[in-house]
Amino acid sequence: MTNMRPPNKNVLLKVVILGDGGVGKSCLMNRFVSNLYDESSFHTIGVEFLNKDIQVDNERYTLQIWDTAGQERFKALRTPFYRGTDICLLSYAIDDRESFTSLKQWREEFLRYADIKSDYFPFIVVGNKNDIDASLRKVSVEEVSEWCQENHISAFIETSAKTSTNVYEAFALAVRQWQKSERTTERELRAQGHGDTIDLTKTVNLNAQSNRFCCIGGGTSGNSTNNFNDDD
Ligand SMILES: Nc1nc2c(ncn2[C@@H]2O[C@H](COP(=O)(O)OP(=O)(O)OP(=O)(O)O)[C@@H](O)[C@H]2O)c(=O)[nH]1
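Conventions adopted
- Residues numbered from 1 in each chain as written.
- Predicted model: local features only at pLDDT ≥ 70, side-chain atom pairs only at ≥ 80, totals over all residues.
- Helix = DSSP H or I, 4+ residues; strand = E, 2+ residues; numbered from the N terminus.
- Buried ≥ 20, exposed ≤ 12 C-beta atoms within 10 Å, placed from the backbone.
- Contact = placed C-beta atoms within 7 Å.
- pLDDT = per-residue confidence, 0-100.
- Axes fitted to C-alpha atoms, helices over the stretch in contact; angles between N-to-C directions.
- Parallel < 35°, antiparallel > 145°, perpendicular 65-115°, else oblique.
- Nonpolar A, V, L, I, M, F, W, Y, C, P; charged D, E, K, R; others polar.
- Core = buried A, V, L, I, M, F, W, Y, C linked by C-beta atoms within 7 Å.
- Near = placed C-beta within 6 Å.
- Expected span 1.5 Å × (residues − 1).

Let's talk about the overall build of the protein
- Secondary structure assignment for the protein yields 6 helices and 8 strands.
- Of the regular secondary structure in the protein, the N- to C-terminal order runs β-α-β-β-α-β-α-α-β-α-β-α-β-β.
- Out of the 232 residues belonging to the protein, those deemed buried represent 38%.
- Look at the contacts in the protein between residues 6 or more apart in sequence, and 70% of them connect residues 24 or more apart.

Dropping the structure here:
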């Protein structure tokens, strides 16, 4: 738990980025970590990870970001790395409808191989390539918001690794989702009468997570923000 961490130490969070091949996962990671963008980025084989420090709400975090191979043929190489994940980014490209419909499989694959039972794991949905011309858009903000709500995912953001739009914000939003799920867990523990002591023989019910939804989408080249009942 965060309050047991030694002072001046960053909270280390494992972040996994999933999504179809070509949606821009590597570009998002490289833009966030190194502020670089490679138009001719190659397909990832297996997984790669990079660390990046970030400060969110006066708390310092080290994000260990795992970029995975989206192509189906690399499934066996990526799934062993899902365990121990704190936050999962489900990504698609806004000009690729199939990559949006694949989110369901990505979510299922992650829950299965990370061995997570709760419906309320901190996922965030990231719609990349929002720099493209409006005429090329194949997925609307409204339908993604609806899908997120149906799947108990309370955060969605559109990004562009190319123009660096909302990339930092996506990772900060991911950390906030993790913070919310931590607070829920702590509330649950207190409600079960554990106080500061954790009984490791009992399970914790995470299903009391609020239905709050935060959506940062907007027009194709725009950067508008919609917040629905976000409590931060
Ligand atoms: N227009 C636009 N193109 C992008 C953006 N991000 C990535 N791309 C393009 O998409 C290509 C694929 O990006 P990658 O980051 O390699 O995609 P990936 O999701 O990591 O693909 P896999 O490694 O196969 O899973 C890049 O070579 C870029 O040309 C973006 O924000 N906007």
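Quick look at the confidence of the model for the protein
- Chain-level pLDDT for the protein is 83 on average; 79% of the residues reach the 70-or-more range.
- Mean pLDDT values for the elements of the protein range from 30 in strand E8 (residues 226-228) up to 98 in helix H3 (residues 97-101).
- Across residues 203-212 the pLDDT falls below 50, and counting only partners more than four positions away or on other chains, this stretch makes 21 contacts in the model.
- In the predicted structure, residues 218-232 sits below a pLDDT of 50 and forms 29 contacts with residues beyond four places in sequence or in another chain.
- Here the complex is predicted with pTM 0.83, and the ipTM for its interfaces comes to 0.99.

Looking at the packing of helix H1 (residues 25-34) against helix H6 (residues 167-191)
- Two numbers describe how H1 lies on H6: the axes approach to 9 Å, and their chain directions differ by 90°. Of the possible angle classes, the one that applies to H1 and H6 is roughly perpendicular. Residue-level contacts link Leu28, Arg31 and Phe32 of H1 to Val167, Tyr168 and Phe171 of H6.
- Taken together, the residues that form the contact of H1 with H6 break down as 5 nonpolar, no polar and 1 charged.

What to know about the nonpolar core
- Of all hydrophobic cores here, the largest spans 46 residues; its most connected members are Cys88, Leu89, Leu90, Ile124, Val125 and Ala174.
- The element that contributes the greatest number of residues to this core is H6, accounting for 7 residues.
- Contacts of Leu89, omitting those with residues within four sequence positions, involve Val15, Ile17, Leu18, Ile124, Val126 and Ala174.

Some words on the site of the ligand
- Lining the immediate surroundings of the ligand are 23 residues, of which Gly21, Gly24, Ser41, Thr44 and Gly70 lie closest.
- The element that contributes the greatest number of residues to the shell around the ligand is H1, accounting for 3 residues.
- The residue makeup of the shell around the ligand, split by class, is 5 nonpolar, 13 polar and 5 charged.

Quick look at H6
- Helix length check: H6, at 25 residues, gives a terminal C-alpha distance of 36 Å against a target of 36 Å (1.5 Å per residue), a fit within 8%.
- Listing the buried residues of H6 in full gives Val167, Ala170, Phe171, Leu173, Ala174, Val175, Arg176, Gln177, Trp178, Lys180, Ser181 and Thr184.

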